[in-house]
Amino acid sequence: MFTNFYRPRLGFNPTIIFPFAFLVAAGIGSAHAETDSLVGVFTAAQAERGKTVFAGECAGCHGADLKGGTAPALSGEAFAASWGAEGNNAQVMGQPFSVDDLAFFVSTSMPPGKVKSVSAEDHAAALAYLLERNGMPAGDTPLELGAPQLKEVMLSLGRPVPE
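Residues numbered from 1 in each chain as written. Predicted model: local features only at pLDDT ≥ 70, side-chain atom pairs only at ≥ 80, totals over all residues. Heavy atoms only, no water.

## Concerning the overall build of the protein
When you go through the protein residue by residue, the secondary structure sums to seven helices and zero strands. Order of helices (α) and strands (β) in the protein, N terminus to C terminus: α-α-α-α-α-α-α. Out of the 163 residues in the protein, the part that is buried amounts to 42%. Look at the contacts in the protein between residues 6 or more apart in sequence, and 71% of them connect residues 24 or more apart. A total of about 8,700 Å² of accessible surface is found on the protein, and carbon and sulfur atoms cover 57% of it. (Helix = DSSP H or I, 4+ residues; strand = E, 2+ residues; numbered from the N terminus. Buried < 20%, exposed > 50% of the residue type's maximum accessible area, 1.4 Å probe, protein only. Contact = heavy atoms within 4.5 Å. Areas by Shrake-Rupley, 256 points an atom, 1.4 Å probe, with all protein chains shown as cover.)

And the structure:
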């Protein structure tokens, strides 16, 4: 289905395996309280700063347009197929992913081998940019990794927003 993905020597696709491993290890498989996914959990200014972080830390692998490169796409159908409410991973988990699930994955595994080279604020800003580019609205409160309200907001991956 995907023609542009990373396949390590072990013969499995980490795009599918790692989210499950992180979610299960973190105990995130418990039921999420459902909250309107259109609640803004980041600010427009944070997403704008995230665009710069993304360009410097993420675009080399995921593509400047978020359509993938040596790493999977972070927008469009391919991203929704992995992280969206109707996506394969959500179907296996039996529930949609929350913003917290994606934030946990990003902040504990990206960039591969250099996670600690990116500050929590920069991870949050890059995530805000990613959410904005996938159609989620900005709000009045900056996204903070680990904030309890992120567990209540389900990912709503609409049409990617053109730049």
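## Overview of the packing of helix 2 (residues 44-57) against helix 7 (residues 120-133)
Across the interface, helix 2 lies against helix 7 with an axial gap of 7 Å and an inter-helix angle of 105 degrees. It follows that helix 2 is roughly perpendicular to helix 7 by the angle criterion. Only Glu 121, Asp 122, Ala 124, Ala 125, Ala 126, Ala 128, Tyr 129 and Glu 132 of helix 7 make contact with helix 2, whose side of the interface consists of Gln 46, Ala 47, Arg 49, Gly 50, Lys 51, Val 53 and Phe 54. Here the residues of the contact of helix 2 with helix 7 are counted per class, giving eight nonpolar, two polar and five charged. (Axes fitted to C-alpha atoms, helices over the stretch in contact; angles between N-to-C directions. Parallel < 35°, antiparallel > 145°, perpendicular 65-115°, else oblique. Nonpolar A, V, L, I, M, F, W, Y, C, P; charged D, E, K, R; others polar.)

## A short note on the environment of Arg 49
Summarising the element assignment, Arg 49 is placed in helix 2. It is 9.8 Å that separates the C-alpha atoms of Arg 49 and Ala 124, two residues lying 75 residues apart in sequence.

## Concerning the confidence of the model for the protein
Across the protein, the average pLDDT comes to 81, with 73% of residues at or above 70. Every residue in residues 20-37 scores below 50 in pLDDT, and together they form 38 contacts with partners more than four places removed in sequence or on other chains. (pLDDT = per-residue confidence, 0-100.)

## Describing helix 2
Compared with the 20 Å implied by 1.5 Å per residue over 14 residues, the 20 Å span of helix 2 between its first and last C-alpha is a close match. Restricting attention to buried positions, one finds in helix 2 the residues Gln 46, Ala 47, Gly 50, Val 53 and Phe 54. Looking at the buried side of helix 2, the elements it contacts are helix 3 (59-62) and helix 7. (Expected span 1.5 Å × (residues − 1).)

## Section: the nonpolar core
Within soluble globular proteins, side chains that are nonpolar tend to cluster in buried spots. Of all hydrophobic cores here, the largest spans 30 residues; its most connected members are Val 99, Leu 102, Leu 131, Leu 143 and Leu 155. Of all the secondary structure elements, the ones that give two or more residues to this core are helix 2, helix 4 (76-83), helix 6 (99-109) and helix 7. If one sorts the elements of this core by residue count, helix 7 sits on top with six residues. Discounting residues that sit within four places of it in the chain, Leu 155 has contacts with Trp 83, Phe 97, Ser 98, Val 99, Leu 102, Leu 131 and Met 136. (Core = buried A, V, L, I, M, F, W, Y, C linked by side-chain atoms within 4.5 Å.)

## A short note on unusual backbone geometry
With an omega dihedral of -15 degrees, the bond running from Met 110 to Pro 111 counts as a cis peptide bond. Here Pro 111 is to be found in the loop between helix 6 and helix 7.

## Points about the side chain of Asn 134
Structurally, Asn 134 is set in the segment after helix 7. A relative accessible area of 1% means that Asn 134 is categorised as buried. A distance of 2.8 Å separates the side chain of Asn 134 from the backbone oxygen of Leu 74, its partner in a polar contact. (Polar contact = N/O pair within 3.5 Å; in protein donor to acceptor, adjacent residues only side chain to side chain.)

## Focus: the pattern of salt bridges
Under the defined criterion, the tally for this structure stands at one salt bridge. Here Asp 122 and Arg 49 are joined by a salt bridge, their closest N and O atoms 2.6 Å apart. Residue Asp 122 is located in helix 7, and its partner Arg 49 is located in helix 2; the two are separated by 73 residues in the primary sequence. (Salt bridge = Lys/Arg side-chain N within 4 Å of Asp/Glu carboxyl O.)

## What to know about the state of the cysteines
For the structure on display, the rule yields zero disulfides. Lacking any disulfide linkage, Cys 58 is separated from the closest cysteine sulfur, that of Cys 61, by 8.6 Å. Residue classification places Cys 61 among the partly exposed positions, given a relative accessible area of 38%. (Disulfide = S-S within 2.5 Å.)

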